[in-house]
Amino acid sequence: QVQLVESGGGLVQAGGSLTLSCAASGRTFSMFRMGWFRQAPGKERAFVARITWSNGYTYYADSVKGRFTISKDDAKNTLYLQMNNLKYEDTAVYYCAADVTGQGQYNYWGQGTQVYVSS
């Protein structure tokens, strides 16, 4: 079992920045990949970014590339999402997730943290 707890959401003006954190606990040694997803009102959950835990390889959705940065702190078992130049359309509940099988399926999810971007 892996437990994930997100934090750092809030209200920010368009053009501003925000950093989300995701603290992992439990069988964290089994994590192959971690990712961030988001769900806007009335929309399906969408992929934002991911990072391979062993080598730090990252991958981003086109909509956030160049504005968001995913990173990790191995010692703290914590995942981050630095969000710059935020846009109104970035408003969503942001979730972190862990893939412990390496097969591209995220097995564990956090409870989510709300990000509001005012225009």
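First, a word on scope: everything that follows refers to the structure included in this document. (Residues numbered from 1 in each chain as written. Predicted model: local features only at pLDDT ≥ 70, side-chain atom pairs only at ≥ 80, totals over all residues. Heavy atoms only, no water.)

**Thoughts on the pattern of salt bridges**
To keep things clear, this is the line we draw: We define a salt bridge as a side-chain nitrogen of Lys or Arg found within 4 Å of a carboxyl oxygen belonging to Asp or Glu. Here a strand is any run of E in DSSP of at least two residues, a helix any run of H or I of at least four, and the numbering for each starts at the N terminus. Classification of residues uses two cut-offs on accessible area relative to the type maximum, computed with a 1.4 Å probe and protein chains only: under 20% is buried, over 50% is exposed, and between them is partly exposed.
Tallying each qualifying case throughout the model produces 5 salt bridges. Note that Asp-99 is salt-bridged to Arg-33, the shortest N-O span being 3.1 Å. Placement of Asp-99 in strand β9 (residues 92-99) and of Arg-33 in strand β4 (residues 33-39) is noted, with a sequence separation of 66 residues between them. An identical accessibility class is assigned to Asp-99 and Arg-33; each is buried. Here Lys-72 ties to Asp-74 by a salt bridge, and the two come within 2.7 Å at their closest N and O atoms. Residue classification places Lys-72 among the partly exposed positions, given a relative accessible area of 22%. Within the structure, one salt-bridge network assembled from shared partners comprises Arg-38, Arg-67 and Asp-90.

**Notes on the nonpolar core**
What counts, and what does not: To qualify as a nonpolar core, a set must consist of buried Ala, Val, Leu, Ile, Met, Phe, Trp, Tyr and Cys residues joined through side-chain atoms within 4.5 Å.
Formed by 30 residues in total, the largest nonpolar core has its most connected members in Met-34, Trp-36, Leu-79, Leu-81, Met-83 and Tyr-94. Of all the secondary-structure elements, those providing two or more residues to this core are β1 (2-7), β3 (18-26), β4, β5 (46-52), β7 (68-73), β8 (78-83), β9 and β11 (113-118).

**Topic: the side chain of Thr-78**
Its place among the elements puts Thr-78 in strand β8. Classification of Thr-78 by relative accessible area gives buried; the value is 10%.

The analysis is restricted to geometry; functional conclusions fall outside its scope.
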